[in-house]
Amino acid sequence: MSPLTLQTKVSDIVTAIPQAADIFRSLRIDFCCGGKIPLEEAAKKRGHDPEAVLDRITELETKLAECRDTRPGELAEPELVQYIQTKHHAFLREELPALTPYVTKLARVHGERHPELLRVQELFAALKKELLEHTEDEDRNVFPLVLKFVENPDPEASEQLKPHMTELEREHEQAGSLLKELREITGDFLPPADACGTYKLVYRRLAALEKDTFEHIHLENNVLFERMRAAV
């Protein structure tokens, strides 16, 4: 995507940065049916300073880019834990609640013509519950044990950690199954030809959620946990 300017269309911004929809939604700027106008015009219509809105979107874009530039697999264990928390856990805690009203609206408005959206809503609700509880458990219980083990990798710390890793891997499988069904039921997150802007937005963000979650699971199962087991 070329650098964002005040003349970039609102709809193009959301296409390139799906999370920007949250900024527009909070400012009551239409990014869906009325999104084919420049950001400057859309902001002024709602009484907002266009430069200030552009700054918020640019900050969001920078934040997302910084996360992508890191090579987490090369980090030492304490830094890897911090990366998982600040990148993946923070993303889930922001994105899952933010995406909820869009998924609800999509099922309510289009569920009669596209009944698979009712199942999408059910799967998303289950996934949201699973992932938020999962990340809370990791931050509160498991990662402190990981850091304790890294500092002093003795047999006692290892035995404390093992059942937690096994349980987390089981939960990873559950989350993966929900995401796989979401991909299947949405036809690889491909909206129908008559899809509105909200429809497309939800599918893009579900695809991004799947990508982030699988990266998250990979870092824990195949990097962090494998290192823990190999250290014994």
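Here the structure is a predicted model, which is why all the values come from computation and not from measurement.

Observations concerning the overall build of the protein chain
Check the secondary structure of the protein chain and you find eight helices and zero strands. Ordered by position from N to C terminus, the α and β elements of the protein chain give α-α-α-α-α-α-α-α. Dimensions of the protein chain, computed from C-alpha atoms along their principal axes, come out at roughly 65 × 40 × 25 Å. For the protein chain, the proportion of its 232 residues judged to be buried stands at 42%. Here the analysis covers contacts within the protein chain between residues at least 6 apart in sequence; of these, 75% occur between residues at least 24 apart. Summing over all exposed atoms, the protein chain offers an accessible surface of approximately 12,200 Å²; the carbon and sulfur share of this is 52%.

Let's talk about the nonpolar core
By size, the foremost hydrophobic cluster in this structure holds 46 residues, and its most contacted members are F24, F31, L39, I57, L127, L182 and L206. The set of elements that each furnish at least two residues to this core consists of α1 (10-16), α2 (20-26), α3 (39-45), α4 (50-69), α5 (77-110), α6 (116-151), α7 (155-185) and α8 (197-230). When residues in this core are grouped by element, the largest group, seven residues, is from α5. Setting aside residues no more than four positions away along its own chain, F31 makes contact with V10, S11, V14, A21, F24, Y102 and L201. Of all hydrophobic cores here, the second largest spans 18 residues; its members include I84, M165, V223 and F225.

Concerning the packing of α7 against α8
Packing of α7 against α8 leaves a shortest axis separation of 10 Å and a crossing angle of 155°. With respect to each other, α7 and α8 are oriented roughly antiparallel. For the element pair α7 and α8, the recorded crossing hand is left-handed. Along the contact surface, α7 presents L161, M165, T166, L168, E169, H172, G176, L179, L182 and R183, while α8 presents L206, E210, T213, F214, I217, E220, N221, F225, M228 and R229. Here the contact of α7 with α8 is built from residues that sort into ten nonpolar, five polar and five charged.

Points about the environment of A126
By secondary structure assignment, the location of A126 is in helix α6. The exposure class assigned to A126 is partly exposed, which follows from its relative accessible area of 34%. As for A126 and I37, which are separated by 89 residues in sequence, their C-alpha atoms are 37 Å apart.

A short note on the packing of aromatic side chains
Across all of its chains, the model carries one aromatic pair by this definition. With a centroid separation of 5.3 Å and an interplanar angle of 65°, the aromatic rings of Y199 and Y203 are classed as edge-to-face. With Y199 and Y203 both in helix α8, this residue pair falls four residues apart, about one helical turn. Its relative accessible area of 1% is what places Y199 among the buried residues. A cation over a ring is seen here: R25 above Y102, with NZ or CZ 5.2 Å from the ring centre.

As for the pattern of salt bridges
For the structure on display, the rule yields 21 salt bridges. The partner of D139 in a salt bridge is R93, and the shortest N-O contact between them spans 2.6 Å. Pair noted here: D139 is in helix α6 and R93 is in helix α5, with a separation of 46 residues, a long-range link. The partly exposed category is assigned to R93, whose relative accessible area is 35%. Ionic pairing is found between E167 and R170, a salt bridge with its closest N-O pair at 2.3 Å. In this pair, E167 and R170 both sit in helix α7, three residues apart, roughly one turn of the helix.

Quick notes on the packing of α6 against α8
Taken N-terminus to C-terminus, the directions of α6 and α8 make an angle of 30°; their axes are 12 Å apart at the nearest point. Classified by the angle their axes make, α6 and α8 are roughly parallel. As for the relative orientation of α6 and α8, their crossing is left-handed in sense. Looking at the contact of α6 with α8 residue by residue, the classes come out as 15 nonpolar, four polar and three charged.

Description of the side chain of E95
Mapping E95 onto the fold places it in helix α5. Of the residues examined, E95 reaches a relative accessible area of 3% and is grouped as buried. Of note is the side chain of E95, whose polar atom sits 2.7 Å from the side chain of R205. If we skip the residues at most four places from it in the chain, E95 touches Q19, D22 and R205.

Rules of the game
- Residues numbered from 1 in each chain as written.
- Predicted model: local features only at pLDDT ≥ 70, side-chain atom pairs only at ≥ 80, totals over all residues.
- Heavy atoms only, no water.
- Helix = DSSP H or I, 4+ residues; strand = E, 2+ residues; numbered from the N terminus.
- Buried < 20%, exposed > 50% of the residue type's maximum accessible area, 1.4 Å probe, protein only.
- Contact = heavy atoms within 4.5 Å.
- Areas by Shrake-Rupley, 256 points an atom, 1.4 Å probe, with all protein chains shown as cover.
- Core = buried A, V, L, I, M, F, W, Y, C linked by side-chain atoms within 4.5 Å.
- Axes fitted to C-alpha atoms, helices over the stretch in contact; angles between N-to-C directions.
- Parallel < 35°, antiparallel > 145°, perpendicular 65-115°, else oblique.
- Left-handed = near helix turned anticlockwise from the far one by under 90°.
- Nonpolar A, V, L, I, M, F, W, Y, C, P; charged D, E, K, R; others polar.
- Phe/Tyr/Trp six-rings, centres within 6.5 Å; stacked < 30°, edge-to-face > 60°.
- Lys NZ or Arg CZ within 6 Å of the ring centre and 35° of its normal.
- Salt bridge = Lys/Arg side-chain N within 4 Å of Asp/Glu carboxyl O.
- Polar contact = N/O pair within 3.5 Å; in protein donor to acceptor, adjacent residues only side chain to side chain.

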